[in-house]
Amino acid sequence: MPMATGRPPPRRIRSVVVSILSQAQVSARRESFVAALTAADLAPIVDLVVWVEVDPSTDAPVAMAASHAGRVRLHDDGRHQVLEGLDPIASEDPMAFLPYDLERAHPGPRSSRENSYPYAASRILSLFADPGRSPDLAVMHTPRHFFPDEGGHVGEHGSLDVIQSRAPLLLSGAGVAVRGIVDGHARLVDVCPTLAAMAGVPDGDLRDALGDPLDGRALTEYLGGGRLTPPKVIGILWDGAHCGDLLALAESGELPGIARLITNGVALRGGAVAQFPSVTLTNHTSILTGLGPGRHGVLGNVFYDRATGERVVPNNASTWHRSAEWLRPPARTVFEMVNSVVPQGNSVRTACIDEAVDRGADYSTMARVRDSGSSSGTAGLNEQLPEAQSSVHLHDRAHLSDSYFSWCTQVDDLGLAQMRQLWASPDSAPTLTWWANIVSDAGHHAGGPRSEIARSSLRDSDSRLVAFLEHLDGLGVTDQVTFLLTADHGFEGSDPDVTGSWRPALESLSIPFRDEGPGFIYLLPDPEPGDGVGS
Ligand SMILES: [Zn+2]
């Protein structure tokens, strides 16, 4: 439109962002960060630095990893091209530190050369596949690193390593082959297609009709015949439950609910490998969409969105009910997949208990939070939770002095109450019910794996599972239900003597950056002269 005459020319709008970094600038600055982070004095707290660059031989993105020991290029075909020093990814064995006695004998502290990082290339590539949200590089804490001042705990997870990435995986009940504990493993992206297959979603729908193929696959090798019509599937998540300890406690008779599921099905000794980072919301989303983070969009519990300039915190009591806002277009939840093949009728086809990633579910706890209009989300509804002190599933009242454990006890008791309501009668029960439990995350964060509080949290969760199985027994339908039980990540114990931060080393470079998590490093454009340097 021509400008009206007589007006002064428009003043040029000054943008805070005056330069978008070129690819060459990103590479050069990333090199400075990698050099600072892999300095020998940070080796006690920095396990690995990972990123993706263009492979000069193929022009395709390729995963990179470096530590103070050396640097490696991880090719898609599994080849490790060592570029400097020693290969920091010495093993990718998903069955490392098994049988469980091996992990118990060598708990926690290990160097990257003694550790294992399953599916390293594909998991790193996925984290860096979202141009708007992926960091420019990711820093991994050593298993020993204790960083309470930056959000760390006694028990920790988030790493690419095998123990923090190993979640339990059990299949049980109608249509599952009875094999007990087997020497196998799967991946958490396999959970969505497996639940969908159990619930009757045709294989063709999973592979083709989605347009974008899933990253996971249905674990049909563990499904026998005898599928019931109509199917009734219950997926159960115990947040952060340690795979090795869960199976060991079940074998020793301390977790009768888990033992009963194993007796009627199969448990994988190597569990299911989480996506990287092995944090909660990234993996809940992978579990329920079958996609890695680079495709579903929930890159971490905290990440930065370059397009909106927003710091996104999806794993928070005030934001869980908003999870659908962060899903990228390829993501379709298992609830949407199952609803597409089950006639609507009047009944609840899919239900989602105490779970953030609920898009499409006919019944959902988070929908109740949204409908309540609570401005602070779940956090605004705490007064509606049952008393933790009066929980009949609590084994040790002393653990209620941990406020997170206490709140999780309340939430999990309300979760069981919702399960009983949804399953009041077998006829009205959903085709797919997803039931998330969280006290196991509190127990393992507070004391680390094998601690008394971690084991107590598993016993509490098992008590709720037993109560629900007895409810199904009362209805006479337990053997008509197919179960899947898993977690979103594993846990490793830190060492209170290994403290410190990599932040001063990065700040000394005088290169603008953000560090979210901490561990996701985003390079920022140079500020205009006169603006403060962002960090
Ligand atoms: Zn978790």
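Whatever comes next refers back to the structure up there.
Residues numbered from 1 in each chain as written. Predicted model: local features only at pLDDT ≥ 70, side-chain atom pairs only at ≥ 80, totals over all residues. Heavy atoms only, no water.

Examining the coordination of the zinc ion
Here is step 1 of the chain: Each protein donor to the zinc ion is listed here as Asp239 (OD), Thr280 (OG1), Asp488 (OD) and His489 (NE2); together their distances run 1.9 to 2.1 Å.
Here is step 2 of the chain: Here the donor residues for the zinc ion map to a single chain with the spacing D-x40-T-x207-D-H. (Donors = N, O, S within 2.8 Å, 3.2 Å for Na, K, Ca; no water.)

A short note on the packing of aromatic side chains
Here is step 1 of the chain: Tallied over the entire structure, the rule returns five aromatic pairs.
Here is step 2 of the chain: On the basis of an interplanar angle of 70 degrees and a centroid distance of 5.5 Å, the ring pair of Phe33 and Phe513 is categorised as edge-to-face. In this pair, Phe33 sits in helix α1 (residues 23-37) while Phe513 sits in strand β21 (residues 513-516), placing the two residues 480 residues apart along the sequence.
Here is step 3 of the chain: A relative accessible area of 2% means that Phe513 is categorised as buried.
Here is step 4 of the chain: Geometrically, the ring pair formed by Tyr304 and Tyr522 is edge-to-face, given 5.5 Å between the ring centres and 75 degrees between the ring planes. Within this pair, whereas Tyr304 is found in strand β14 (residues 303-305), its partner Tyr522 is found in strand β22 (residues 520-523), the two being separated by 218 residues in sequence.
Here is step 5 of the chain: For Tyr522, a relative accessible area of 0% gives the class buried.
Here is step 6 of the chain: Of the aromatic side chains, those joined through ring pairs into one cluster are Trp423, Trp435 and Phe468.
Here is step 7 of the chain: Stacked on the ring of Tyr119, the Lys or Arg Arg187 has its end atom at 5.4 Å from the ring centre. (Phe/Tyr/Trp six-rings, centres within 6.5 Å; stacked < 30°, edge-to-face > 60°. Helix = DSSP H or I, 4+ residues; strand = E, 2+ residues; numbered from the N terminus. Buried < 20%, exposed > 50% of the residue type's maximum accessible area, 1.4 Å probe, protein only. Lys NZ or Arg CZ within 6 Å of the ring centre and 35° of its normal.)

So, the pattern of salt bridges
Here is step 1 of the chain: Counted according to the given criterion, the structure contains 25 salt bridges.
Here is step 2 of the chain: Salt-bridge contacts for Arg322 lead to Glu325; the nearest nitrogen and oxygen are separated by 3.0 Å.
Here is step 3 of the chain: For Arg514, the salt bridge goes to Glu516, with nearest N and O atoms at 2.8 Å.
Here is step 4 of the chain: The buried category is assigned to Glu516, whose relative accessible area is 6%.
Here is step 5 of the chain: Salt bridges linked by common partners bring Glu31, Arg71 and Glu84 together as one network. (Salt bridge = Lys/Arg side-chain N within 4 Å of Asp/Glu carboxyl O.)

Some words on the sheet that holds β21
Here is step 1 of the chain: Pairing within the open sheet is antiparallel, and its seven strands lie in the order β4-β3-β2-β1-β5-β22-β21. The open sheet has two edge strands, β4 (80-85) and β21, and neither has a second partner. Averaged over all adjacent pairs, the angle separating strand axes in this sheet is 20 degrees, with direction ignored.
Here is step 2 of the chain: Note that strand β1 (residues 46-54) and strand β5 (residues 137-141) share four bridges and pair antiparallel. Across the sheet, Leu48 pairs through a bridge with Met140, a residue of β5. (Pairing = 2+ DSSP bridges. Axes fitted to C-alpha atoms, helices over the stretch in contact; angles between N-to-C directions.)

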